[in-house]
Protein chains: 2
Amino acid sequence: MSKFAPQSADDISIATIRALAADVVAKANSGHPGAPMGMAPVAHVLFTRFFKANPKNSKWFNRDRFVLSNGHACALQYILLHLLGYKLSMEDLKQFRQIDSLTPGHPEAGHTDGIEVTTGPLGQGFANAVGLAIAQAHLGATFNKDGFELINNHTYVFLGDGCLMEGVAAEAASLAGHLQLGNLIAIYDDNHISIDGDTAVAFTEDVEKRFQAYGWHTLHVDNGDTDLESIYNAILEAQKETSKPTLIRLRTTIGYGSKQQGTHGVHGAPLKADDIQAFKTKVGLPADQSFYVPKETYDTYAAVAARGAKLEAQWNDLLASYGQKYAAEYAELTRRISGKLPDNWEKALPVYTPADAAQASRKLSEIVLSAIVPVLPELVGGSADLTGSNLTRTKTMIDFQPESTGLGSYKGTYIRFGVREHGMAAIANGLHAYGGIIPFVATFLNFVSYAAGAVRLSALSKHQVIWVATHDSIGLGEDGPTHQPIETAAHFRAIPNLDFWRPADGNETSAAYYAALTRRQTPSILSLSRQNLPNLEGSTIERALKGGYVLHEVEGEDLTIVSTGSEVSIALEAAVKLNSEGIKTRIVSLPCWSIFDSQPFEYKLSVLRSGAPILAVEALSTLGWQKYSHEAFGLAGWGASGPYKKVYEKFGLTGPNIADVGKKVVDFYRKKGGEVVSPLVKAFDLTGGQH
Amino acid sequence: MSKFAPQSADDISIATIRALAADVVAKANSGHPGAPMGMAPVAHVLFTRFFKANPKNSKWFNRDRFVLSNGHACALQYILLHLLGYKLSMEDLKQFRQIDSLTPGHPEAGHTDGIEVTTGPLGQGFANAVGLAIAQAHLGATFNKDGFELINNHTYVFLGDGCLMEGVAAEAASLAGHLQLGNLIAIYDDNHISIDGDTAVAFTEDVEKRFQAYGWHTLHVDNGDTDLESIYNAILEAQKETSKPTLIRLRTTIGYGSKQQGTHGVHGAPLKADDIQAFKTKVGLPADQSFYVPKETYDTYAAVAARGAKLEAQWNDLLASYGQKYAAEYAELTRRISGKLPDNWEKALPVYTPADAAQASRKLSEIVLSAIVPVLPELVGGSADLTGSNLTRTKTMIDFQPESTGLGSYKGTYIRFGVREHGMAAIANGLHAYGGIIPFVATFLNFVSYAAGAVRLSALSKHQVIWVATHDSIGLGEDGPTHQPIETAAHFRAIPNLDFWRPADGNETSAAYYAALTRRQTPSILSLSRQNLPNLEGSTIERALKGGYVLHEVEGEDLTIVSTGSEVSIALEAAVKLNSEGIKTRIVSLPCWSIFDSQPFEYKLSVLRSGAPILAVEALSTLGWQKYSHEAFGLAGWGASGPYKKVYEKFGLTGPNIADVGKKVVDFYRKKGGEVVSPLVKAFDLTGGQH
Ligand SMILES: [Ca+2]
Ligand SMILES: [Ca+2]
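Given the structure is predicted, the values throughout are model-derived calculations rather than measurements.

## Comments concerning the coordination of the calcium ion (ligand 2)
Residues and elements named next belong to chain B. Of the protein atoms, only Asp161 (OD), Asn191 (OD1) and Ile193 (O) coordinate the calcium ion (ligand 2), at distances of 2.2 to 2.5 Å. Along the chain, the residues that donate to the calcium ion (ligand 2) are spaced as D-x29-N-x1-I. Side by side, Asn191 and Ile193 carry an identical accessibility label, which is buried.

Put into structure tokens, the structure is as follows:
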């Protein structure tokens, strides 16, 4: 495979892809024909000449990974998946952008066979690709042996101007250069067009020079529209450079072949019928037929698929031999590929009693990590330059670094992400998408917001990413309101399929890790304190795993206080005072709303029961607490800079003040009279349940 | 000012700044001494030799702007403000990082005299500086005349490795290069240290080359610790380059002078007492005194302040002469500096009746912009490459571009931000901080999340930034769940001092703009539909300006439905059905929670009154609605790709289904019995009010 050999079906196949893209978008009357038509040649060359995958088993572990970072061009990807024989029929292509189809408006991982990662939100796919490449480098270094190159796939990513303008991609690109990811090949569709028109209006930087500055190998192809040989040679050259990632700048004409080619008129709207017909006539396809694929094109792609099936079969043989020679490594690799956690790993989780010393939950998190990292080698992650504050690097970890840096090796599991929160999160999505890895990432809770674009995609794509989000409230103290989250819990609690944990002590921290590690299709954010928290009477891992539970029970209560994290012990202090004054107060800890919500109604109602008012206490915005409580005490505005105890005092988050608030609540509901009904008792349940 | 002239007090002043930084952090027992000690020389040279500002009037309009993007180094900035004679006493320095002090842990605009923008969250300040420089370029082009260079200040920004790793800074840097911002000078503290240790672990790119790729002029100084002349010459050279922004890479030693200099040990923790004493002894300061400033240092900075006062006096004279020669421009400039809107501008706001055609609220927004842009020249903004979708560029606008591009001029008010949401938002904060400008920015609502880090700083810093956030729900249809916001409203509604508007029709859209333009210290996000919305009977600008109001009144109601934006007309359709079936249903529109919350309690209770259940309906997460309603109908999970009406049907957001849900609610509360009390009736009000 060293010299480009033209095939008779090349031209007609590329024309077919272009025509199909136009047809797919026209039938949907919605979508983006321009980029698919422009990138059809490079897609054809890549998939027919280079790409190693078995369409009949889209989960073959050593497959090349393909990411379409400019996900709006997904008509192209769906067409290729169809031609290659993935589980995507011509009928599916006709259902493009229709309700419940396999061909939604942007590619969704886990939804459509052969889609590796969810793309569309610009920049994400590129950063995911960096994660995929890190995963390959790490697992290859960990499991490959002489003569057994089990994990050596390439990661290919297509991206457009939009991806390159996004900061998330810039962060990932800089890190990829530092990490010398030689198996990563990015192909930049340099078509000079974005939605606002010519890129001259906003994007005039020298992209190749920028990537060279990051440490990338760069190439360019001047005619991406028809010069297949140059495209081929560029990809080949990119493969030969194994110590740096490669960016190929491919000059293309958006909507190539359309009457409007090269303009933003073909970017995001269907081509007119006469334009499509004229194109088909020009390239020798039947002008009166839509969704037409010549036999030679199907044959060409069938051959590619057969090649892929053979590659997988060879690989399976290699894996079997590996198993005979390296039984332990084989067992471990196949375990990790299967996604099964090692037996009894959970026995490593620390358990606490109230006699144990008070500790910050970030420290409790470090204790968990120190205990589980040795038994869970699939934990791969790091911090956005806050290692010493997030406490994420345990003593047994070594850094994931190129050997040439002298700072670690690709076998290392600790990634130094730099101050790149958004890139880190999107890279973590890629790490998870690769398989065999459970990624964890860390920063201050407040700066998880920088990564919000990637966090929602973790949840949508079911990537099990674990956030170690420390310094989770005004309790961080002196750094002040710029660093003190207010809105953050509400934000993340409103994201579907995301567990936001705010553990109150050691057992709850262990529970949060247990849930985060066992919920294989759900990302978790562990919101952790900077300040010390006592270990609580009544907390256990099992109880906390229900998401919410009665920490301190009292029969015939006058008041229930529900709280999370660092405020639970303050609530308890208030309860002691109230109980001593004859106001019977019980305490509920609610560390994870989403998991609590999934419990049986009867259980939930036993925790947040009717009969007495429920007061919520949390050092954050109260938004959302009304779902679980009659009254909510929290922050009405921004925090403040100062020693943390003074900050808590300033905002009334002390035992005595919460006791006063509790009295006010009890008095109010007594005066109001009537039955106090649990806020959980509702007329209907959106998720389909009925009460 | 062409050749560096050493001054006798240079060395002692720099030593004093370093010692003060150590003292300030040591007394607080919290903070970052390293960067202030490292950057003391460049700060001293910049402020004594170049900086044009009058400490006695920190609001002088043509002052040079200084931004400390590495805001954790704020001990340096506070010390300089004190030495220069801003309203910051030695006592204030001693209160560093204490509750309610003028010297919080990170600099906060509006809180401390002389602080231009809030920094600390990394990368933000750098992007703010790009906004400050755009503002200068625009206002200079708009108001300067031959012989009247009224607006020609420089913007200086200090930044560290952390800022350079952040995507928000990368986005802003690329745009700044494109825009050829010649008066922007960035000084990069290249100290090879970040929190994780040596930058070799994660940040090995060639920063100068990257900035050259963006179109910047780059310089470097090899010895930023002691070589004042080279520092001086670099800044001078940067000033001479007027067609490009300049990055000066300044090699410094973090914590210079400390025993731990050059290590991350001096980054984020106080120096030990003996280290500080040894340093003071070494540089000739009294080792036994803290917070000591030699007379010659105060004298030096007093001379700088006197120079600044003189500069302002000269400028005031120039402005007066300008007023005599260019009366209209003078009136307009001084109006804009004062922040006053032109008389009667609000008469341009469109008003609608139900007879007017249904339109998308993004289109209604365009109609407002088309009407007000001609009367509000201070509106400066644009879109993150979604101009044709956000509908933000009105016919009378021209692009803000360098003349050399042939695409516009600096007089233009429409900024092509490119696909750079986070950079755009942080730049908008800088535009507002400059003064004389009301910035607006645009993208899909879902992608405002990419900018979350800057949005919360708009709110914290009281920057009046207006977001045109279109495609605000599953109503965007085919683009699918990757683009359909779920959590976004909850996120932004939980941010203090931020108005999240979701207008239901034309009058509410006009109201949203009225509020966004008149609330001068509050950012607003206008959440706007892609799909058409009818103009509603009962909506008026005045009513909507209360944030919530009764759109459709019925006495003795069985049910109130409260809704926002595109779902209000669906609620009305349900109400028509319910009323026809004898279930008396009233409708409340609640377009802006934060403004509604600020109304008198009696008014709020009249809108969301007791007596019948209240059902909330919104095509987003229901999180937070429990504050205003007994029951909430919305999305329990992700959206879907498809034509929007089918998507709405899929999720039950139709008149008939909402009517069914309404019946369920009415039945439930009838069966439950007892009084139905408004959810607004609470035991206490966090903001201090009592009910
Ligand atoms: Ca493009
Ligand atoms: Ca640094």
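## Examining the coordination of the calcium ion (ligand 1)
Residue and element names in this part refer to chain A. For the calcium ion (ligand 1), the full set of protein donor atoms is Asp161 (OD), Asn191 (OD1) and Ile193 (O), and the range of their distances to it is 2.2 to 2.5 Å. Each donor residue of the calcium ion (ligand 1) lies on the same chain, and together they follow the pattern D-x29-N-x1-I. One end of the pair, Asp161, is in helix α6 (residues 161–165); the other, Ile193, is in strand β4 (residues 193–194), and 32 residues separate them in sequence. When its relative accessible area of 10% is taken as the criterion, Ile193 is described as buried.

## Points about the environment of Ala575 of chain A
Residues and elements named next belong to chain A. Relative to the elements of secondary structure, Ala575 occurs in helix α21 (residues 568–580). Separated by 16 residues in the primary sequence, Ala575 and Leu559 place their C-alpha atoms 9.1 Å from one another. Dropping the residues within four chain positions of it, Ala575 is found in contact with Thr585 and Ile587.

## Concerning the relation of the copies chain A and chain B
If you rotate chain A by 180 degrees and push it 0.0 Å along the axis, it lands on chain B with an RMSD of 0.0 Å. On the angle and the small slide along the axis, the relation comes out as a two-fold axis. Both copies share a contact surface, since 100% of the interface residues of chain A are interface residues in chain B too.

## Concerning the UniProt feature "active site" (unreviewed entry) in chain A
UniProt's feature table lists "active site" (unreviewed entry) at Glu421 of chain A, given in the numbering used throughout. Locating Glu421 of chain A in the fold gives a position in helix α15 (residues 421–434). Overall, the relative accessible area of 4% leaves Glu421 of chain A in the buried class. Leaving out residues up to four positions away in the same chain, Glu421 of chain A has contacts with Glu171, Ala384, Thr443, Phe447, Tyr450, Ala451 and Trp467 of chain A together with Glu166 of chain B.

## A short note on helix α25 (residues 655–672) of chain A
Residue and element names in this part refer to chain A. A rise of 1.5 Å per residue sets the reference length of α25, with its 18 residues, at 26 Å; its end C-alpha atoms lie 25 Å apart and thus fit the reference within 8%. Buried residues in α25 make contact with β17 (559–563), α21, β19 (614–617) and β20 (631–633). Downstream of α25 by a residue or two, Gly673 has a phi angle that is positive, lying close to 70 degrees.

## Remarks on the sheet that holds strand β2 (residues 155–159) of chain A
Residues and elements named next belong to chain A. Strand order in the open sheet formed by five strands is β1-β2-β3-β7-β6, with parallel pairing between adjacent strands. The sheet is open, and its two borders are formed by β1 (65–68) and β6 (217–221), each paired with just one other strand. Across the sheet, the mean angle separating the axes of adjacent strands is 15 degrees when strand polarity is ignored. The sheet contact formed by strand β3 (residues 184–190) and strand β7 (residues 246–251) spans six bridges and is parallel. The residue bridging Ala186 from the neighbouring strand is Leu247, located in β7. Set on the sheet, helix α8 (residues 207–214) makes contact with β3, β6 and β7; between it and β6 the angle comes to about 160 degrees. Each of β2, β3, β6 and β7 is contacted by helix α9 (residues 228–240), which is oriented at about 175 degrees to β6, the strand it contacts most.

## Here's the deal with the interface of chain A and chain B
Every contact between the two is made by 117 residues of chain A and, on the other side, 118 residues of chain B. On the chain A side of the interface with chain B, the three residues burying the most area are Tyr450, Arg456 and Trp638 of chain A, jointly 9% of the side's total. We note a salt bridge from Asp196 of chain B to Arg416 of chain A, for which the minimum N-O separation is 3.1 Å. The interface formed by chain A and chain B holds 57 residue pairs in polar contact (both at pLDDT 80 or more) in total. Residue composition of the side of chain A that touches chain B, grouped by class: 50 nonpolar, 41 polar and 26 charged.

Scoring rules and cut-offs
- Residues numbered from 1 in each chain as written.
- Chains lettered and ligands numbered in written order.
- Predicted model: local features only at pLDDT ≥ 70, side-chain atom pairs only at ≥ 80, totals over all residues.
- Heavy atoms only, no water.
- Donors = N, O, S within 2.8 Å, 3.2 Å for Na, K, Ca; no water.
- Buried < 20%, exposed > 50% of the residue type's maximum accessible area, 1.4 Å probe, protein only.
- Helix = DSSP H or I, 4+ residues; strand = E, 2+ residues; numbered from the N terminus.
- Contact = heavy atoms within 4.5 Å.
- Least-squares fit on C-alpha atoms with pLDDT ≥ 70 in both.
- UniProt positions renumbered as here; feature names shortened; annotations may be inferred.
- Expected span 1.5 Å × (residues − 1).
- Pairing = 2+ DSSP bridges.
- Axes fitted to C-alpha atoms, helices over the stretch in contact; angles between N-to-C directions.
- Buried area = accessible area lost by both parts, 1.4 Å probe.
- Salt bridge = Lys/Arg side-chain N within 4 Å of Asp/Glu carboxyl O.
- Polar contact = N/O pair within 3.5 Å; in protein donor to acceptor, adjacent residues only side chain to side chain.
- Nonpolar A, V, L, I, M, F, W, Y, C, P; charged D, E, K, R; others polar.

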